[in-house]
Amino acid sequence: MFFYLTLALLIFLYTFVKRHYQQWQRQGIAAAESVIPFGSLKAVFRKEKTMGLAITDIYVRFSESVVGIMLAFKPAILIRDAEMARQILTKDFDYFHDRGVYVNEKRDPLSANLFSLKGHSWRSMRTKLSPSFSSGKLKAMFGTVDEVGNHMVEYILGQFEGDQRKVLVDIKDITTTYAIDIIGSVIFGLDINSFENPHNEFRQISDRIFKTNQTHILHRIRAIMSFMCPP
């Protein structure tokens, strides 16, 4: 009896999941192939491609204006029509400003950023931040950004002194250092120059926050679930 109940439950679960992954086809919308439980992102989970490249492949493969995709078990629509995308981002933006990702302002305040906030909270944050990115403010920032860029160029050129054939450059580390120095200079007013002093306190704190989150398996799972299944 227990065997038949278990079998019936498994059949029911498989049918339910299969139906969930075929919802775009049932609605007559062109859909990318989905593999349970990865959806349309099998190559991402297998670390063969980044999220951007996987989505780009789907974009190129289809000719329809909209394409149904599955982000793991989360249904989503890929817009391929430029006019439709423009309308969503301008005229109809009031209906599409939420990103659908995890945010908890009370228990996880660092998650409450402009990308993840919803509704009134998003509008309030955007109103506060918009004056900081006016054309005048951006022009004022440019000198600082340009100076950090010069530090980066000097560092890269310094790496190629001597025998160039033996030089290995970690471009991700360089661009990360560049971004951190810009944040420290523009937002916090600190002259960090992590290219000359890579062990400064500001850089060490940033590394502890971001590198730990990227390498620890629990943090990686959390990052995936915050996007795929916010609840």
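Computed from a predicted structure; not experimentally measured. (Residues numbered from 1 in each chain as written. Predicted model: local features only at pLDDT ≥ 70, side-chain atom pairs only at ≥ 80, totals over all residues. Heavy atoms only, no water.)

A.B. asks: I'd like a rundown of the overall build of the protein chain, residues and numbers included.
C.D. replies: For the protein chain, the count of helices and strands is ten helices and two strands. Secondary structure elements of the protein chain occur, N-terminal to C-terminal, as α-α-α-α-β-β-α-α-α-α-α-α. Oriented by its inertia axes, the alpha-carbon framework of the protein chain measures out at about 70 × 45 × 40 Å. Across the 231 residues that make up the protein chain, the buried fraction comes to 23%. In the protein chain, 44% of the contacts between residues at least 6 apart in sequence involve partners at least 24 apart. Taken as a whole, the protein chain presents about 16,800 Å² of accessible surface, with 61% of it coming from carbon and sulfur. Positive and negative side-chain charges of the protein chain, numbering 29 and 23 respectively, have mean locations separated by a distance of 11 Å. (Helix = DSSP H or I, 4+ residues; strand = E, 2+ residues; numbered from the N terminus. Buried < 20%, exposed > 50% of the residue type's maximum accessible area, 1.4 Å probe, protein only. Contact = heavy atoms within 4.5 Å. Areas by Shrake-Rupley, 256 points an atom, 1.4 Å probe, with all protein chains shown as cover. Lys, Arg positive; Asp, Glu negative; His and termini not counted. Charge placed at Lys NZ, Arg CZ, Asp CG, Glu CD.)

A.B. asks: Please provide a residue-by-residue account of the pairing of strand β1 (residues 66–71), values included.
C.D. replies: Counting buried positions along β1 yields five of six residues, so the element is predominantly enclosed. Sheet topology places β1 next to strand β2 (residues 74–79); six bridges connect them, and they run antiparallel. Pairing of V66 across the sheet is with I79, part of β2. What sits between β1 and β2 in their antiparallel hairpin is a turn of two residues, with A72 showing a positive phi close to 60 degrees. (Pairing = 2+ DSSP bridges.)

A.B. asks: Describe the pattern of salt bridges, with residues and values.
C.D. replies: Within the structure shown, the criterion is met by five salt bridges. The residue R86 makes a salt bridge to E83 at a minimum N-O spacing of 2.7 Å. Here the residue R86 and the residue E83 both occupy positions in helix α5 (residues 82–89), the gap between them amounting to three residues, near one helical turn. Exposure remark for E83: the relative accessible area of 54% places this residue in the exposed category. Where D173 meets R203, a salt bridge forms, and the shortest distance between an N and an O atom there is 3.0 Å. (Salt bridge = Lys/Arg side-chain N within 4 Å of Asp/Glu carboxyl O.)

A.B. asks: Before we move on, can you summarise the environment of F142 with the specific residues and values?
C.D. replies: Tracing the sequence through the fold places F142 in helix α7 (residues 135–159). When the C-alpha positions of F142 and S206 are compared, they lie 23 Å apart, and in sequence the two are 64 residues distant.

A.B. asks: Describe in detail the side chain of N200, supporting the description with residues and values.
C.D. replies: As for its placement among the helices and strands, N200 is situated in the loop between α8 (171–186) and α9 (201–215). Only 2.7 Å separates the side chain of N200 from the backbone oxygen of N197, close enough to count as a polar contact. (Polar contact = N/O pair within 3.5 Å; in protein donor to acceptor, adjacent residues only side chain to side chain.)

A.B. asks: Now, about unusual backbone geometry: what can you tell me, with residues and values included?
C.D. replies: In this chain, I36 is followed by P37 through a cis amide linkage whose omega measures 5 degrees. By the element assignment, P37 lies in the loop between α2 (23–26) and α3 (42–45). Look at A72: it is not a glycine, yet its phi comes out positive at around 60 degrees. Inspection of the secondary structure puts A72 in the loop between β1 and β2.

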